[in-house]
Amino acid sequence: MEWCKKCGDTMFIPFGGKAEECDCREIFIIDEDGEEHSLYARHAEAAALKYAEESNTNGDYYLMNETVEITVDGKPFSIGAEPDVHYSARAL
C-alpha cells in the first residue's frame, strides 16, 4: 500500500505494477473567521472533512457538538464533530 505524499490518501496499486498517480489537487478553504487555508484532497467534500478533523484536533476540540460554516472552493459547507460513544460491561 502506498500513500500520496500530497493528500495522505491511499493510492491504487494494480497487481504487479506501480502506484497510479493520485488525482488530488490543492483546494482552498475560507474558515468561519474569513481566513484562507489550502490543503490537498480529491474533491471538496473530502477537503471539508479533512479540514474539520485537522482544525478540531488542533483547536481544543472546538467542533464537538457544534457546527460552523466554511467555504470550500466557493461552495458553502457546514462542518462539525460528534464524540464517539463506547459501551463497556464487566462482571462485579
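This write-up is about the structure you can find in this document.

### Here's the deal with the environment of S78
Summarising the element assignment, S78 is placed in strand β6 (residues 75-80). Residues S78 and E32, 46 residues apart in the sequence, show an inter-C-alpha distance of 9.9 Å. For S78, the contacting residues outside a window of four places in its chain are T67, V68 and E69.

### Focus on the environment of C24
Looking at the secondary structure, you find C24 in the loop between β2 (10-11) and β3 (25-30). Owing to a relative accessible area of 13%, C24 belongs among the buried residues under this scheme. On a C-alpha basis, the gap between C24 and L39 in space is 9.7 Å, while along the polypeptide they are 15 residues apart. Setting aside its immediate chain neighbours within four residues, C24 contacts C4, K6, C7, Y40, A41 and R42.

### Description of the pattern of salt bridges
Here the structure, examined in full by the defined rule, presents two salt bridges. A salt bridge links D23 to R42; the nearest nitrogen and oxygen atoms lie 3.1 Å apart. A residue pair is termed long-range when its members are at least 10 positions apart, and D23 in the loop between β2 and β3 and R42 in the loop between β4 (36-41) and α1 (44-58) qualify at 19 residues. Residue D23 is classed as exposed on the basis of its relative accessible area of 54%. A salt bridge links R25 to D73, with the shortest nitrogen-to-oxygen separation between them at 2.8 Å. Taken together, the positions of R25 in strand β3 and D73 in the loop between β5 (67-72) and β6 put the pair 48 residues apart, joining distant regions of the chain. With a relative accessible area of 39%, R25 lands in the partly exposed category.

Criteria and cut-off values
Residues numbered from 1 in each chain as written. Predicted model: local features only at pLDDT ≥ 70, side-chain atom pairs only at ≥ 80, totals over all residues. Heavy atoms only, no water. Helix = DSSP H or I, 4+ residues; strand = E, 2+ residues; numbered from the N terminus. Contact = heavy atoms within 4.5 Å. Buried < 20%, exposed > 50% of the residue type's maximum accessible area, 1.4 Å probe, protein only. Salt bridge = Lys/Arg side-chain N within 4 Å of Asp/Glu carboxyl O.

It is worth stressing that arrangement in space is one thing and function is another; only the former is reported here.
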